[in-house]
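The lines below spell out each chain.
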Amino acid sequence: MTTGGSVGEDWPVASTDPTPTTPQPGEVVRIDAGGWGWTWAADTRGRLHQVGLGLDGAGAPVEVDPIWYPDAHPTWGGPDPFRPPALRITHAEGTTTTRLRLDGVERQPLGDDELVTVRTVDEVFALRVAFRTRTHRDSGVLEQWVEIDHDEDGPVTLWDYDSIAPALLIGPDARMTQFGGAGWADEWAWTTERLTPGTKVLDSLGGIQPHLQRSPMLLVEPNGPVDEASGDVIGCSIAWGGNTRFALDVRPRANDEARDLRLRAGANPLGAHYVLDPGTIFVTPTVAWTWSTGRGELSDRFHRWTRARVLRDPDRTRPIVVNNWESTFFAFDEQRIVGLIDRSASLGADLFLLDDGWFGTSSPRDDDTAGLGDWEPDRRKLPGGLPTLVDAAADRGIRFGIWVEPEMVNPDSDLFRAHPDWVVRDRREPREHRNQLALDPLIDEVRDFEVGVVDRVLGAAAGTSYIKWDANRPVTDPGSSALPADRQSNAWVDWVHATWEVMQRVADGHPDIELMLCASGGGRTDHGTLRWFHEFWTSDNTDPVTRVRMQWACGHWFPASAMAAHVTAWGGRPLPFACAVALSGRFGFDLDLDALDDESLAICRQAVTTARRTQDLVQHGRLVRLVSPVDGPDRSRAALGFVAPGRERAVVFCYQLDDPVSPPPVLRITGLDPAADYRVQTTDLQGAPDDLGILSGADLAGGALPWRPDRRTSASILELTTPG
Ligand code: GLA
């Protein structure tokens, strides 16, 4: 039995194989992760040490007795009494220390890759810890996680259970970059800081939408600042749909020329100590990580890996979506929606997405105080039900999508009146957040209900081909009636597995439905949860100035095909600029199309035409970042491009976000074929594109094109094609 079950096709599955190999003293384990790697070696007592990590890490020579190298994965009570542990367990009879010795190594080939399991056992207790890695050498991203099980005389308690804990020697100017802001509408804020002595903890809380506070990704530059093309940079992503924690423990060395860093990453154990019964395997989240030369390579790797191992239907070009949320909120009726569908079709969109507010009968969803849980169309607003809308879309040649929030309930709903005991709560009166409560997915009937929400909606709206799956509150009263009193803290981990089970059942049951992941914006943007989805709603903040920086940060980890970006009225920015920003993500609109004047409609039409020409590049091409809006003294500009795999075409987006504080930058377009000639056209989405003539890839890389956007909140889109 596994704790909640590890889910996802081809992702970590707890192994129960008996140990087949007998380790030798001095045994060396080498992981070639594709361009980088690590080496562990056992000392004479079988304790594991990290001998090497980095570009040459897989080939690191064992130069001295392994005992002189840092612990491979420090435990509480392990050899180093001065450093925080990555694993801390109270054993069944009360002992608080754990000391592991190597028990066997298994290498299972997976085509060109490998699943490597390093098995250890406690020196005293019948407790086993398996360190597992799955290579994906084609991308250079390594998946790594830990499994714990035991046969002690009762449950053990896991207090800390990090997935990785590498040791690094860092320079005095080492840096890290984290991605998190003030919460709702402030996702992906870019913060770079020097690594100084002490332990810095970067955690997230809230359970259901922790990534609103902090995305579970981290960049570490161990030898000082890097750029796109050079410098050592480590990227880590915790593939976990719950609370996460990075801990960076920095210790000075006497001369202060170098410092020791222990980087721990995994599920956040705060309030979430796990009581583990004998015979059950606890599986930590997978951490996906890489060691790259320059940030550009790091993103290449994460994009390749995300496409290969995470995103559903990665090669399918995503639709141009029109969503009604920002234009109507809850106030609409059939006529208004059919009108918007009509406008969406005439604009050239592919899909109309009906957002919140379409359901609720005895408790109609006229605002966020009522109706969640009652997934019947509100006939006052929609007398023809959903089929009228699906048909209206089909008649006009576009697809229909719909919003659901299956994990939530308003107290003012038939669902809550029938099942008040289905909610997440402890012994206190549960706190409402956005006037709603979270359903407890550890209750079997709740999981069935949640899967049934999607089945029911799709049944009632046959022909619907897209669903936006939202979750709009955090966990505030952590408790589960499905768990015994002495297992309440297990809920934080078990909820993630239970929710993933629901998502997997939905994805398996409706393989042709495209799914958007949303949690008050980007509250669930992790590589674990995304396995059942095609894309995510990057943030509710659609002010294009903010969005450029958010998409810049988010784009380090995810391809643009996953990042939904809609043109809205947020921030009151010029429409051509708002369109140009959305065009560098998965493009769509959330504008009131009924209220647009002819000039605005013409700009939107040009944006759709531009999307048609460029979206294959944006979604499937190689990202090149050219001018940064987050680094350096002048953050008033941004430029990024997407290059076709064969380099025969490219699109480059240049944004002037603010009043310039320095002269225009030299625009060096990297990633092109230096020997090829490119015809360059530019548009600001007003009037016909300008032809800038033909330039070679080498000239374009050398800065032959001037910076065009000449005032704040303006943009220029450059399209590059090789003639013939
Ligand atoms: C969340 C989402 C929005 C919208 C609303 C509807 O805030 O992020 O896009 O769907 O819910 O209530």
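As shown above, the structure is provided for reference.
Each residue is numbered by its place in its chain's sequence as written, counting from 1. Local features in this predicted model are restricted to residues of pLDDT 70 or higher, and side-chain atom pairs are both shown and tallied only at a pLDDT of 80 or more, whereas totals for entire chains, interfaces and linings draw on every residue. To get the side-chain values, all heavy atoms of the structure are used, and hydrogens and water are removed first.

1. Some thoughts on the overall build of the protein chain
Piece 1. Along its length, the protein chain carries 11 helices and 36 strands.
Piece 2. For the protein chain, the C-alpha radius of gyration of 26 Å lies close to 27 Å, the compact-globule estimate for 724 residues.
Piece 3. Buried positions account for 63% of the 724 residues belonging to the protein chain.
Piece 4. Between two residues, a contact is recorded if the distance between any of their heavy atoms is within 4.5 Å. The contacts in the protein chain between residues at least 6 apart in sequence include a share of 69% that link residues at least 24 apart.
Piece 5. Of the accessible surface of the protein chain, which amounts to about 25,300 Å², a share of 50% is contributed by carbon and sulfur atoms.
Piece 6. In this count, Lys and Arg are taken as positive residues and Asp and Glu as negative ones, while His and the chain termini are left out. Charge positions are represented by NZ for Lys, CZ for Arg, CG for Asp and CD for Glu. Within the protein chain, the 107 negative side-chain charges are centred at a point lying 3 Å from the centre of the 71 positive side-chain charges. Each helix is a run of H or I in the DSSP string that is no shorter than four residues. Each strand is a run of E no shorter than two, and both are numbered from the N terminus. For the radius of gyration, the atom set is restricted to C-alpha positions; the globular benchmark scales as 2.2 Å times the number of residues to the power 0.38. Think of it in three bands: residues with accessible area under 20% of the maximum for their type are buried, residues over 50% are exposed, and the middle band is partly exposed, with areas taken using a 1.4 Å probe on protein chains only. Only the protein chains shown count as cover for residues, and the accessible areas themselves come from Shrake-Rupley with a 1.4 Å probe.

2. Examining the nonpolar core
Piece 1. By size, the foremost hydrophobic cluster in this structure holds 185 residues, and its most contacted members are Leu354, Trp358 and Tyr655.
Piece 2. Looking at which element gives the most residues to this core, the answer is helix 7 (residues 491-509), with 11 residues.
Piece 3. Here, nonpolar core means buried Ala, Val, Leu, Ile, Met, Phe, Trp, Tyr and Cys residues that are tied together by side-chain atoms lying within 4.5 Å of each other. Counting 20 residues, the second-largest nonpolar core is a separate cluster that includes Leu672, Tyr678, Val680 and Trp707.

3. Focus: the pattern of salt bridges
Piece 1. A pairing counts as a salt bridge when a side-chain nitrogen of Lys or Arg comes within 4 Å of a carboxyl oxygen of Asp or Glu. As enumerated under the stated definition, the model contains 61 salt bridges in all.
Piece 2. Between Glu114 and Arg137 there is a salt bridge; the shortest N-O distance is 2.8 Å. Here Glu114 is found in strand 6 (residues 113-122), whereas its partner Arg137 is found in the loop between strand 7 (127-134) and strand 8 (142-150), with 23 residues between them in sequence.
Piece 3. On the accessibility criterion, Glu114 (15% relative accessible area) is buried.
Piece 4. Look at the salt bridges and you will find they share partners, linking Arg88, Asp160, Asp162, Arg245 and Arg264 into a network.

4. Notes on the environment of Asp414
Piece 1. Relative to the helices and strands, Asp414 resides in helix 5 (residues 414-418).
Piece 2. In sequence terms Asp414 and Ala165 are 249 residues apart; their C-alpha atoms lie 48 Å from each other.
Piece 3. Those residues in contact with Asp414 that lie beyond four places of it in its chain are Thr361, Ser362 and Asp374.
Piece 4. Distance and chemistry together define a polar contact, namely a pair of N or O atoms within 3.5 Å, with one atom able to donate a hydrogen and the other to accept it when in protein, and with adjacent residues in sequence counting only for side-chain atoms on both sides. There is a polar contact of 2.9 Å between the side chain of Asp414 and the side chain of Arg417.

5. Brief notes about the sheet that holds strand 3 (residues 48-54)
Whether parallel or antiparallel, the strands of a sheet pair through hydrogen bonds between backbone atoms.
Piece 1. Reading across the sheet, the 3 strands line up as 1-2-3 and stay open at both edges, with antiparallel pairing between neighbours. Of all strands in the sheet, those with a lone pairing partner are strand 1 (28-32) and strand 3, marking the two edges. Ignoring which end each strand starts from, the neighbouring axes of this sheet average 15° apart. A strand pair is defined by DSSP finding two or more bridges across the two strands. All axes are obtained by fitting lines to C-alpha atoms, using only the stretch in contact for helices, and the reported angles, taken between N-to-C directions, cover 0 to 180 degrees.

6. Let's talk about the site of the ligand
Piece 1. Near is defined per residue: the residue qualifies when any heavy atom it owns lies within 4 Å of the molecule or strand. For the ligand, the set of nearby residues contains 13 residues, the closest of which are Asp355, Asp356, Lys468, Asp470 and Asp540.
Piece 2. Within the side chain of Asn472, a nitrogen or oxygen atom sits 3.1 Å from an oxygen atom of the ligand.
Piece 3. Here Gly521 contributes a backbone N or O atom positioned 3.0 Å from an oxygen atom of the ligand.
Piece 4. Against a free-state accessible area of 310 Å², the protein chains account for coverage of 96% of the ligand.

7. Considering the state of the cysteines
Piece 1. Two cysteine sulfur atoms make up a disulfide if the distance between them is within 2.5 Å. Tallied over the full model, the rule gives 0 disulfides.
Piece 2. Its sulfur unpaired, Cys236 is 17 Å from the next cysteine sulfur, which belongs to Cys554.
Piece 3. Classification of Cys236 as buried rests on a relative accessible area of 1%.
Piece 4. The cysteine Cys654 is free of any disulfide, with Cys579 supplying the nearest cysteine sulfur at 17 Å.
Piece 5. Note on Cys654: relative accessible area 1%, which makes it buried.

8. Brief notes about the packing of aromatic side chains
Piece 1. Stacked, edge-to-face and tilted labels apply to pairs of Phe, Tyr and Trp rings (six-membered ring for Trp) whose centres lie within 6.5 Å, assigned for plane angles under 30 degrees, over 60, and everything in between, in that order. In the structure shown here, the tally under the stated rule is 29 aromatic pairs.
Piece 2. Centroid distance Trp358 to Trp375: 5.9 Å. Interplanar angle 45°. Geometry classified as tilted. You can see Trp358 sitting in the loop between strand 22 (351-354) and helix 4 (385-395) and its partner Trp375 sitting in the loop between strand 22 and helix 4, a full 17 residues away along the chain. Side by side, Trp358 and Trp375 carry an identical accessibility label, which is buried.
Piece 3. Centre to centre, the rings of Trp375 and Trp403 are 6.2 Å apart; their planes meet at 45°, and the pair counts as tilted. With Trp375 in the loop between strand 22 and helix 4 and Trp403 in strand 23 (residues 399-404), the pair connects residues that are 28 residues apart, well separated along the chain.
Piece 4. Looking at Trp403, the relative accessible area reads 0%, which means it is buried.

9. Some details on the side chain of Arg264
Piece 1. Positionally, Arg264 belongs in strand 17 (residues 259-267).
Piece 2. Judged by relative accessible area, Arg264 falls into the buried class, the value being 5%.
Piece 3. Of the polar contacts made by the side chain of Arg264, one reaches the backbone oxygen of Pro85; its length is 3.4 Å.
Piece 4. Setting aside chain neighbours within four positions, we find Arg264 in contact with Pro84, Pro85, Ala86, Asp162, Ile164, Ala165, Thr199, Arg245, Phe246 and Ala247.

10. Some remarks on helix 1 (residues 295-309)
Piece 1. To estimate how far a helix should reach, multiply one less than its number of residues by 1.5 Å. Helix length check: helix 1 (15 residues) gives 21 Å between terminal C-alpha atoms against 21 Å at 1.5 Å per residue, within 8%.
Piece 2. Of all 15 residues that make up helix 1, 12 are buried, and the element is covered over most of its length.
Piece 3. Among the residues making up helix 1, those that are buried are Arg295, Gly296, Leu298, Ser299, Asp300, Arg301, Phe302, His303, Trp305, Thr306, Arg307 and Arg309.

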